[in-house]
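Structural features, examined
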Amino acid sequence: MFDKLKKIINSVIHLSNKLERYEKESVIQALPSVAYVNRAKKCIERGDYSEAERILEEAMELPQEDALVYKYLGLVCEKTNRLTEAIIAYKKSAGLDPHDKEIWRLLGFALVNTNLCDEAVDAFENADKITPNNTDVFAGWGMALMKQKKYDEAHEKFLEAVQINKYNFMALLLASVMEVRTGRYGQAEAKLNFLANVCPNETNTYEYANLKYIKKDYDSAIHYAQKSIELNSNILPAYLLLGKLYAIKGMKKESLEAYHKAYEQNLHSPNLFFDWAVTQQMFGEYEGAKINFLKAHGYSPAEEELTAGIVLINALLGDNESAELFLSDIKKLDPANYIYAKALAVIDFNNGEYAKALERFRSLEDQMFFDNSLNLFIALCYENINDFTNAKAYYDKALLRGADNVKIYLAYSRFLIKTEDFADAQRKLSRAINLAPDNLELLNLIFYVNYILVKEKNCEYNIKEALSAVSKIKSLDDTAFKYADELLDLENIAKNR
């Protein structure tokens, strides 16, 4: 009994001390929680959030509930990245004082940031009733609608925010983003041009670069993507866009370097590894692509498109068995999805189903016109179904965009040998050997083509070229030469000249 009484007395003394202190600190002595709030506000201003929270929790012990206590507790929770707790506190504050000029706006933004967009819209509607024509309220309202994919309605709110305050550049930017989403590129162009050049930052310049990419103004897109990175070296979307833009222009080195720079900035994410792998496989760098597809898959193993990437790269490496193991995991993907469709096409190609593979590859031409490997696969498909006219057309198309790709030269040269166009094969091989002077396959084909041309014309130049290729092969690998009988014949021809 004595212990209980002692505890009660101590509690009364503790509360009495608090009240005496806050009577001194509070102008409104009838509401001592105001003093707590004022002290907490000072802590928040200097960034001491733990002390502010401790003070506000003490205020919550007072018998009379104060909306401001919960409002600032919500602010502390938000600043310490505890959005769910912030929302609970803001809702409590709004319930105690629904006419507060800020509470509905604060609640609305917290709800937007946790993707509770239906509730956010209601909060901003309430905010607008209490403080009409507030630019931030309309901007937040637009964000909630944007996340609901109600782009036209969001666009309207962003424009209203700008009409209230023409310096609300964030709302202006988001209005332009909505215009891009809804295909109003002309309207977006005017806004983004202003933002990127009058008040440039990494986001404005990136969005302008993205619009230029959509409009196929690739050089301008590259310029603004680079400018975005100059303004903030940690803006991952700009690196990814640069990688894609350089790939479109067939600039392999620059394209892959963009992804590597993002990696060096520690911008590691499934998006980086996935986009990097997609570009690598386009340029024929299958081993590197496999590593990056696996890294991306490691982040989100349930993501079907990442699984499709593993299917694709295994198929490109000729491992149909491993590729087909994963096929059952990606059946829900859209059949038109680039990665999925290409994976199925390569599997068909590997299985010798060339007509079926051709149809799949051709379906991707418009979607991924800058994937030059499609041109090579289509050429190979036409060749295997004996449509040599179309095969040659696609080999030419592949070579036009891949003049530094040895694989294309090899495939095209074999095709030209097959169709007995040895002079053109010789021209292609002469270019290819400059790219890869020690490539044994190229050197063997150079010997064979020059040997055939010797048989046709008995030209001394061709004899020298053929024998030079043999000498180079044997210096690199004495066992790699494939045409021993033809070499004996060539040597006899040379003796009898």
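Everything in this summary refers to the structure shown in the same document.

So, on to the overall build of the protein chain. Helices and strands together make up the secondary structure of the protein chain, namely 28 helices and zero strands. Over its C-alpha trace the protein chain gives a radius of gyration of 34 Å, far above what one expects of a compact globule, namely 23 Å for 497 residues. Seen through its principal axes, the protein chain has C-alpha atoms that stretch 125 × 60 × 40 Å. Relative to its 497 residues, the protein chain shows a buried fraction of 48%. Put simply, of all contacts in the protein chain between residues at least 6 apart along the chain, 51% involve residues at least 24 apart. Only carbon and sulfur atoms are counted for the fraction: they give 50% of the accessible area of the protein chain, which is about 25200 Å². In the protein chain, the 61 positive side-chain charges and the 73 negative ones have mean positions that sit 2 Å from each other.

Next up on the list: the packing of aromatic side chains. According to the stated counting rule, one finds 25 aromatic pairs in the structure shown. Where phenylalanine 369 meets phenylalanine 370, the ring centres are 5.4 Å apart and the plane angle is 85°; that geometry is what we call edge-to-face. The exposure class of phenylalanine 370 is buried, given its relative accessible area of 9%. For the pair tyrosine 395 and tyrosine 412, a centre-to-centre distance of 5.0 Å together with 10° between the ring planes defines the contact as stacked. Placement of the pair is tyrosine 395 in helix 23 (residues 388–401) and tyrosine 412 in helix 24 (residues 406–418), with a sequence separation of 17 residues. The residues tyrosine 395 and tyrosine 412 share a single accessibility class, namely buried. Three or more aromatic residues link up through ring pairs in this structure, and these residues are Tyr259, Tyr263, Phe273, Trp276 and Tyr299. If you follow lysine 92 out to its NZ or CZ, it ends over the ring of tyrosine 70, 5.6 Å from the centre.

With that settled, consider the pattern of salt bridges. Within the structure shown, the criterion is met by 31 salt bridges. The shortest N-O distance in the salt bridge between lysine 92 and glutamate 65 comes to 3.2 Å. With lysine 92 in helix 5 (residues 83–96) and glutamate 65 in the loop between helix 3 (49–59) and helix 4 (67–79), this pair connects stretches of sequence that are 27 residues apart. On the basis of relative accessible area, lysine 92 is assigned to the partly exposed category, the value being 33%. The salt bridge partner of lysine 71 is glutamate 102, with a shortest N-O separation of 2.8 Å. Placement of the pair is lysine 71 in helix 4 and glutamate 102 in the loop between helix 5 and helix 6 (103–113), with a sequence separation of 31 residues. On the accessibility criterion, lysine 71 (6% relative accessible area) is buried.

Parameters and conventions
- Residues numbered from 1 in each chain as written.
- Predicted model: local features only at pLDDT ≥ 70, side-chain atom pairs only at ≥ 80, totals over all residues.
- Heavy atoms only, no water.
- Helix = DSSP H or I, 4+ residues; strand = E, 2+ residues; numbered from the N terminus.
- Rg over C-alpha atoms; globule rule 2.2 N^0.38 Å.
- Buried < 20%, exposed > 50% of the residue type's maximum accessible area, 1.4 Å probe, protein only.
- Contact = heavy atoms within 4.5 Å.
- Areas by Shrake-Rupley, 256 points an atom, 1.4 Å probe, with all protein chains shown as cover.
- Lys, Arg positive; Asp, Glu negative; His and termini not counted.
- Charge placed at Lys NZ, Arg CZ, Asp CG, Glu CD.
- Phe/Tyr/Trp six-rings, centres within 6.5 Å; stacked < 30°, edge-to-face > 60°.
- Lys NZ or Arg CZ within 6 Å of the ring centre and 35° of its normal.
- Salt bridge = Lys/Arg side-chain N within 4 Å of Asp/Glu carboxyl O.

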